[in-house]
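Examining the three-dimensional arrangement
The chain contents come next:
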There are 2 protein chains.
Amino acid sequence: MKNRVITISREFGSGGRTIGKAVATELGIPCYDNDILQEIAAESGFDKDYIKEAGEYAPSGFLSAAFHSHNGYTSNSDYLWKLQYQLITEIAKKESCVIVGRCADYILQDQADCLKVFIHADLQFRSQRILNVYGETDESPQQRIKEKDKRRAAYHRFYTDMKWGHAQNYDITLNSGTLGIDKCVEIIKMLY
Amino acid sequence: MKNRVITISREFGSGGRTIGKAVATELGIPCYDNDILQEIAAESGFDKDYIKEAGEYAPSGFLSAAFHSHNGYTSNSDYLWKLQYQLITEIAKKESCVIVGRCADYILQDQADCLKVFIHADLQFRSQRILNVYGETDESPQQRIKEKDKRRAAYHRFYTDMKWGHAQNYDITLNSGTLGIDKCVEIIKMLY
């Protein structure tokens, strides 16, 4: 029998990662997000911070140009994609879990019993949350949201050919701003 | 205090109307769908069946050309839109309820405490459901789905300028095919 895997895609600042962690804790299953990146880093020899950034870039523009091709892949982003793909597949074979981001919904569509979740919220809610969680930077929260979401959408589209945030791609989408983080956790748990 | 109104947009054959009715019954509140059309029909003097059809057409093409302008509105569709708008506004002022379709999510956005829901499912699930619920016709279920969804999307977009089925427009979207009708009812009830 395939393992049950809850995949969470999310807009930046919507609390998707917080929701994923809470769901996993309450269900007593692991939650993968940065942990995956760190494992990839350990395997690939790439610098961890670089991988964290590259994991959200589609393979065009300065990042892919800035590095030489590696192991026959056309870009470092492609190489990282392949590594993530393998790692996520192995994790899903091993155990039921929550995976936040990394296109896990697409990667696992035929390989696990997935619950595909998308978390979003309006700009005001996300801006406030970003300030509370990540603190202030030179860029405004609105600029940071725009930049992050643009990267995630482009990355998702490039590798999956699916539209990010389109209801039809998910089992459930939740507005954490209007429903609240706790209610989102409660609903997702019900569907495990 | 504003009334709580659950608005349900849905793909044809996804069970959105069935879900709306079940939610309303279990919560002990009214559910409006065809009833609204009938009230409009009674007020406007239009033929009921015509209204049912026109309510899902954007005001271009043969329908608006087929009738003369009425009461100063540019098309009969616009006239019907205005009537629906008034009626839905009055209902939401009067009581908490479920409203299926008719762009109620848009109409009531500032006038009620809305829970905006979108129900969808894949083609296979919807085709089977259409055959079970509505029976066979000369057109295949796939053709009927394509035609109906196209009309609903165009109507919604024309009058609301919002993209139908885009997660960000709703508090929650549910895939009735993967989650099941009963689970959708249970979740929506939780959010009332």
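Right, let's walk through the structure included here. On a predicted model such as this, the values are computed, not experimentally measured, just so you know.

Notes on the sheet that holds strand E5 (residues 172-175) of chain B
Taking strand neighbours across the sheet as the criterion, the 10 strands line up as E2(A)-E3(A)-E1(A)-E4(A)-E5(A)-E5(B)-E4(B)-E1(B)-E3(B)-E2(B) in an open arrangement whose pairing is mixed. Edge positions in the sheet fall to strand E2 (31-32) of chain A together with strand E2 (31-32) of chain B, since each has one partner strand and no second. With four bridges joining them, strand E1 (residues 4-10) of chain A and strand E3 (residues 97-100) of chain A adopt parallel strand pairing. By the bridge assignment for E3(A), Ile6(A) is matched with Val98(A).

Digging into unusual backbone geometry
Residues and elements named next belong to chain A. Not every positive phi belongs to a glycine, and Arg-102 is a case in point at roughly 60°. Locating Arg-102 in the fold gives a position in the loop between E3 and helix H6 (104-107). The class of Arg-102 is buried, set by a relative accessible area of 9%.

As for the interface of chain A and chain B
In this assembly, 21 residues from chain A lie in contact with 21 residues from chain B. Between chain A and chain B, the buried area comes to about 1,700 Å², and carbon and sulfur atoms account for 58% of it. The tally of links from chain A across to chain B stands at zero salt bridges. Inspection of the chain A/chain B interface yields 12 residue pairs in polar contact (both at pLDDT 80 or more). Breaking the side of chain A that touches chain B down by element, the ones donating at least two residues are strand E4 (113-120), strand E5 (172-175), helix H9 (176-179) and helix H10 (181-190) of chain A. Residue composition of the side of chain A that touches chain B, grouped by class: 10 nonpolar, seven polar and four charged.

Structural notes on the side chain of Arg144(A)
Topologically, Arg144(A) is positioned in helix H8 (residues 141-160). No salt bridge is formed by the buried Arg144(A); its nearest oppositely charged neighbour, Glu139(A), is found at 5.3 Å.

A look at the packing of helix H1 (residues 16-27) of chain B against helix H10 (residues 181-190) of chain B
Residues and elements named next belong to chain B. In the contact formed by H1 and H10, the axes pass within 9 Å of each other and the chain directions differ by 50°. By the angle class used here, H1 and H10 are oblique. The handedness of the crossing between H1 and H10 comes out as right-handed. Of the residues in H10, those touching H1 at Ile-19, Ala-22, Val-23, Glu-26 and Leu-27 are Ile-181, Cys-184, Val-185, Ile-188 and Lys-189. Broken down by class, the residue content of the contact of H1 with H10 amounts to eight nonpolar, no polar and two charged.

About the thresholds
Residues numbered from 1 in each chain as written. Chains lettered and ligands numbered in written order. Predicted model: local features only at pLDDT ≥ 70, side-chain atom pairs only at ≥ 80, totals over all residues. Heavy atoms only, no water. Pairing = 2+ DSSP bridges. Helix = DSSP H or I, 4+ residues; strand = E, 2+ residues; numbered from the N terminus. Buried < 20%, exposed > 50% of the residue type's maximum accessible area, 1.4 Å probe, protein only. Contact = heavy atoms within 4.5 Å. Buried area = accessible area lost by both parts, 1.4 Å probe. Salt bridge = Lys/Arg side-chain N within 4 Å of Asp/Glu carboxyl O. Polar contact = N/O pair within 3.5 Å; in protein donor to acceptor, adjacent residues only side chain to side chain. Nonpolar A, V, L, I, M, F, W, Y, C, P; charged D, E, K, R; others polar. Lys, Arg positive; Asp, Glu negative; His and termini not counted. Axes fitted to C-alpha atoms, helices over the stretch in contact; angles between N-to-C directions. Parallel < 35°, antiparallel > 145°, perpendicular 65-115°, else oblique. Left-handed = near helix turned anticlockwise from the far one by under 90°.

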